[in-house]
Protein chains: 2
Amino acid sequence: MRISIIGMGLIGGSMAIDLKKRKFASHLIGVDQNVLHAETALKIGLVDEICTLPEAVRKSELIILAIPANATIQLLPELLDLVDHQVVTDVCSIKKHLCESVKNHPKRERFVAAHPMAGTENSGPWAALPGLFDGKAAIITDAHDSAPDALELVERMYEALYMKLVFMASDQHDIHAAYVSHISHISSFALAITVLEKEKNEKNIFNLASGGFDSTVRLAKSSAEMWSPIFAQNADNVMTVLDAYIDQLQHFKQAMLKNDMNKMTEMIIQANRIKKVLSTSNEKLK
Amino acid sequence: MRISIIGMGLIGGSMAIDLKKRKFASHLIGVDQNVLHAETALKIGLVDEICTLPEAVRKSELIILAIPANATIQLLPELLDLVDHQVVTDVCSIKKHLCESVKNHPKRERFVAAHPMAGTENSGPWAALPGLFDGKAAIITDAHDSAPDALELVERMYEALYMKLVFMASDQHDIHAAYVSHISHISSFALAITVLEKEKNEKNIFNLASGGFDSTVRLAKSSAEMWSPIFAQNADNVMTVLDAYIDQLQHFKQAMLKNDMNKMTEMIIQANRIKKVLSTSNEKLK
């Protein structure tokens with residue numbers, strides 16, 4: 001199958017590697033406004049050719065939009081205007097506004113709204129990795145608004161990426177994504193800033209950084225280009241979770257103020273339940 | 001050298017493995033109130049024998065206290081009472097109260113206050129790992145309060161563990177530890193609780209958890225037995241950092257409330273600087 005990928009970044013590039021290797025794609029076309037990204041993607045063999053958007057649409061059966069959320073919302077209607085029989089899918093981390101923005105588009109049913117829940121903190125074609133999606137969840141939202149053949153094609157694509165399909169409404173997706181992904185990023189960005197501010201006056205503070213710190217600030221390396229639009233478009237849900245998160249932090253502070261070790265212990269034991277839940281969910285996804 | 005390790009947990013067990021393997025220890029004695037931990041440590045070969053505390057002190061040249069912070073504060077004076085020529089060191093994550101608690105002990109100079117900055121979220125003798133400390137920082141605090149021979153012995157021990165030695169005052173250690181370790185744990189515990197509370201009503205939320213979430217909640221698996229005493233004993237510093245952290249989270253919320261993507265982008269770019277700092281500090285430690 002001839003597939004175009006718009007956006008030669010971490011996600012688009014990683015999809016390219018496995019779709020080609022697993023023979024789901026026979027010919028891969030890359031599109032990227034960023035000339036360096038486009039040229040690099042071709043040079044390191046992620047795609048077979050680089051085209052303009054209209055040419056890519058004409059030449060493909062499946063078009064994958066793998067660009068930031070704001071660019072996806074902007075480009076999707078224009079892209080659907082160009083589409084005839086082709087299938088269009090996206091990968092972005094917000095779904096409600098995106099689905100609303102094309103609700104009445106005459107080609108809506110050629111579009112399958114999707115979110116493969118995988119990634120790293122790195123970006124650009126150089127960050128592309130084989131096996132990035134293996135065993136992870138891919139969410140398809142508002143599946144009933146897509147034509148059955150379009151839906152089936154995207155499902156087959158995610159099966160080729162060894163992903164587990166989960167179906168839900170786009171507004172539900174955005175709530176869940178706020179809890180299991182977006183808040184993690186804010187938590188990590190804020191932690192990095194807190195420690196960097198301190199470090200202005202304490203040059204050697206990072207000599208002490210251990211593996212635990214590395215793990216909680218890993219996501220703080222993620223790009224603003226990707227994350228600002230996500231926070232902006234999912235602001236209501238993210239603010240709700242942020243309030244709940246700040247409440248929990250305040251509970252810890254209160255326990256410390258009162259030197260209440262029983263309360264601290266109780267909260268930590270409650271948090272420890274995450275072990276059971278995470279291993280259960282990993283099992284389910286196998 | 002004959003070495004006793006009090007506490008057959010992750011840290012004590014991991015030290016045992018490498019000190020034996022690298023021939024720094026000729027004979028290793030384990031002490032643990034928890035009979036299961038003691039028996040397990042012997043059975044899986046972490047130590048050569050299990051003793052009572054007074055017997056262990058009598059038989060050793062070096063005694064390593066590898067128990068939680070509250071137990072360390074409680075046991076250290078009693079342990080120093082038993083000591084003659086031997087050297088005692090600890091591994092716990094708070095230093096100011098501990099050093100104050102033995103400030104006037106007649107055997108203070110046989111004690112070297114230390115904090116090897118390494119670990120995982122797991123605990124017990126089963127969690128012990130070879131190479132856990134390689135390349136990480138070990139902090140020795142208030143070194144001038146230790147006898148030169150005691151200090152030199154502990155320095156040689158950390159060199160055998162391939163750790164980079166850093167020296168500072170105990171109160172400075174506690175401030176730095178609050179920034180690069182303690183706040184990461186609170187951030188992670190609070191995040192886990194926030195998401196678990198939501199999950200009470202949304203059974204399948206964890207189907208969506210991706211690698212990013214796993215990374216930020218990894219530390220939430222850490223034990224209350226270890227962490228409650230650390231938060232209690234370093235409460236002032238941790239609360240200061242927690243306030244700064246909550247401020248940063250509030251800035252993100254304000255930016256979302258105002259739909260101010262420029263501000264979000266600015267904050268994320270500021271957070272991204274953590275990349276440079278972390279790689280620099282890793283370099284320094286090599």
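Residues numbered from 1 in each chain as written. Chains lettered and ligands numbered in written order. Predicted model: local features only at pLDDT ≥ 70, side-chain atom pairs only at ≥ 80, totals over all residues. Heavy atoms only, no water.

1. Details of the pairing of strand E5 (residues 87-90) of chain A
Residues and elements named next belong to chain A.
Now for step 1: Every second residue of E5 is oriented toward a common face, with Val-87 and Thr-89 on one face and Val-88 and Asp-90 on the other, all of them buried.
Now for step 2: Where strand E4 (residues 62-65) and E5 come together, 4 bridges link them in parallel fashion. Among the inter-strand pairings, Leu-65 is bridged to a residue of E5, identified as Asp-90.
Now for step 3: Crossover connection from E4 via helix H4 (residues 69-82) to parallel E5: handedness right-handed.
Now for step 4: Examined bridge by bridge, E5 and strand E6 (residues 111-116) share 2 bridges and lie parallel to one another. Each bridged residue has a counterpart across the sheet, and for Val-88 the counterpart in E6 is Phe-111.
Now for step 5: Running through helix H5 (residues 96-101), the crossover from E5 to the neighbouring parallel element E6 is right-handed. (Buried < 20%, exposed > 50% of the residue type's maximum accessible area, 1.4 Å probe, protein only. Helix = DSSP H or I, 4+ residues; strand = E, 2+ residues; numbered from the N terminus. Pairing = 2+ DSSP bridges. Right-handed = clockwise from strand over helix to strand, strands pointing away.)

2. Comments concerning the sheet that holds strand E3 (residues 49-50) of chain A
Residues and elements named next belong to chain A.
Now for step 1: Across the sheet, which stays open at both edges, the 8 strands sit in the order E3-E2-E1-E4-E5-E6-E7-E8 with mixed pairing between neighbours. The sheet terminates laterally at E3 and strand E8 (164-168), the two strands that pair on one side only.
Now for step 2: Bridge analysis of strand E1 (residues 2-6) against E4 gives 4 bridges, and the strand direction is parallel. Counterpart to Ile-6 in the pairing with E4 is Leu-65.
Now for step 3: Each of E1, E4, E5 and E6 is contacted by H4, which is oriented at about 160° to E4, the strand it contacts most. (Contact = heavy atoms within 4.5 Å. Axes fitted to C-alpha atoms, helices over the stretch in contact; angles between N-to-C directions.)

3. Section: the interface of chain A and chain B
Now for step 1: Each partner contributes to the interface: chain A provides 89 residues, whereas chain B provides 89 residues.
Now for step 2: Between chain A and chain B, the buried area comes to about 8400 Å², and carbon and sulfur atoms account for 71% of it.
Now for step 3: For the interface between chain A and chain B, the tally reads 2 salt bridges.
Now for step 4: The partner of Lys253(B) in a salt bridge is Asp243(A), and the shortest N-O contact between them spans 2.8 Å. (Buried area = accessible area lost by both parts, 1.4 Å probe. Salt bridge = Lys/Arg side-chain N within 4 Å of Asp/Glu carboxyl O.)

4. A closer look at the packing of helix H4 (residues 69-82) of chain B against helix H9 (residues 224-233) of chain B
Residues and elements named next belong to chain B.
Now for step 1: Where H4 meets H9, the closest approach of the two axes is 7 Å, and the angle between their N-to-C directions is 75°. One element, H4, and the other, H9, form an angle in the roughly perpendicular class. Between H4 and H9, the residues in contact are Ala-69, Asn-70 and Ile-73 and Pro-229, Ile-230 and Gln-233, respectively.
Now for step 2: When grouped by side-chain class, the residues that make up the contact of H4 with H9 number 4 nonpolar, 2 polar and no charged. (Parallel < 35°, antiparallel > 145°, perpendicular 65-115°, else oblique. Nonpolar A, V, L, I, M, F, W, Y, C, P; charged D, E, K, R; others polar.)

5. Regarding the relation of the copies chain A and chain B
Now for step 1: Between chain A and chain B, the superposition needs a rotation of 180° and an axial shift of 0.0 Å, giving an RMSD of 0.0 Å. A rotation of that kind, with that shift, is consistent with a two-fold axis. It is Thr216(A) whose C-alpha, among those of chain A, lies nearest the rotation axis, at 2.3 Å.
Now for step 2: An overlap of 100% is found between the interface residues of chain A and their copies at the interface of chain B, pointing to a shared contact surface. (Least-squares fit on C-alpha atoms with pLDDT ≥ 70 in both.)

6. Examining the pattern of salt bridges
Now for step 1: Applying the stated criterion to the full structure yields 26 salt bridges over all chains.
Now for step 2: By sharing partners, the salt bridges in this structure join Asp18(A), Lys21(A), Arg22(A) and Asp134(A) into a single network.

7. Quick look at the environment of Ile11(A)
Now for step 1: Following the sequence through the fold, Ile11(A) ends up in helix H1 (residues 10-21).
Now for step 2: Setting aside its immediate chain neighbours within four residues, Ile11(A) contacts Val91(A), Ala118(A), Gly119(A), Leu132(A) and Phe133(A).

8. Quick notes on helix H10 (residues 235-257) of chain B
Now for step 1: Over its 23 residues, H10(B) extends 32 Å from the first C-alpha to the last, a length consistent with the 33 Å expected when each residue adds 1.5 Å.
Now for step 2: Backbone geometry just after H10(B) places Asn259(B) at a positive phi near 50°. (Expected span 1.5 Å × (residues − 1).)

9. Considering the domain arrangement of chain A
Residue and element names in this part refer to chain A.
Now for step 1: Taken domain by domain, chain A comprises domain 1 (2-168) and domain 2 (173-284).
Now for step 2: The C-alpha-based centres of domain 1 and domain 2 are spaced at 30 Å.
Now for step 3: The interface is formed by 18 residues belonging to domain 1 together with 18 residues belonging to domain 2.
Now for step 4: With both sides pooled, the region where domain 1 packs onto domain 2 buries about 1400 Å², and carbon together with sulfur makes up 61% of that total.
Now for step 5: Broken down residue by residue, the surface that domain 1 buries against domain 2 is led by Ser-93, Ile-94 and Glu-121, which jointly contribute 40%.
Now for step 6: Glu-121 is the salt-bridge partner of Arg-218, the closest N and O atoms lying 2.7 Å from each other. (Domains from an automatic or database assignment.)

10. Details of the packing of aromatic side chains
Now for step 1: A complete count under the given rule lists 9 aromatic pairs over all chains for this structure.
Now for step 2: With a centroid separation of 6.2 Å and 25° between ring planes, the pair formed by Phe189(A) and Phe252(B) is classed as stacked. Residue Phe189(A) is found in helix H7 (residues 170-199), and its partner Phe252(B) is found in helix H10; the two belong to separate chains. Here Phe189(A) matches Phe252(B) in class, with each residue buried.
Now for step 3: Ring geometry for Trp227(A) against Phe231(A): centres 5.6 Å apart, planes inclined by 40°, an arrangement best described as tilted. One end of the pair is Trp227(A) and the other is Phe231(A), both in helix H9 (residues 224-233) and 4 residues apart, which spans about a single turn. Across the pair, exposure class does not vary: Trp227(A) and Phe231(A) are buried alike.
Now for step 4: Every member of this aromatic cluster is reached through a ring pair, and the members are Phe189(A), Trp227(A), Phe231(A) and Phe252(B). (Phe/Tyr/Trp six-rings, centres within 6.5 Å; stacked < 30°, edge-to-face > 60°.)

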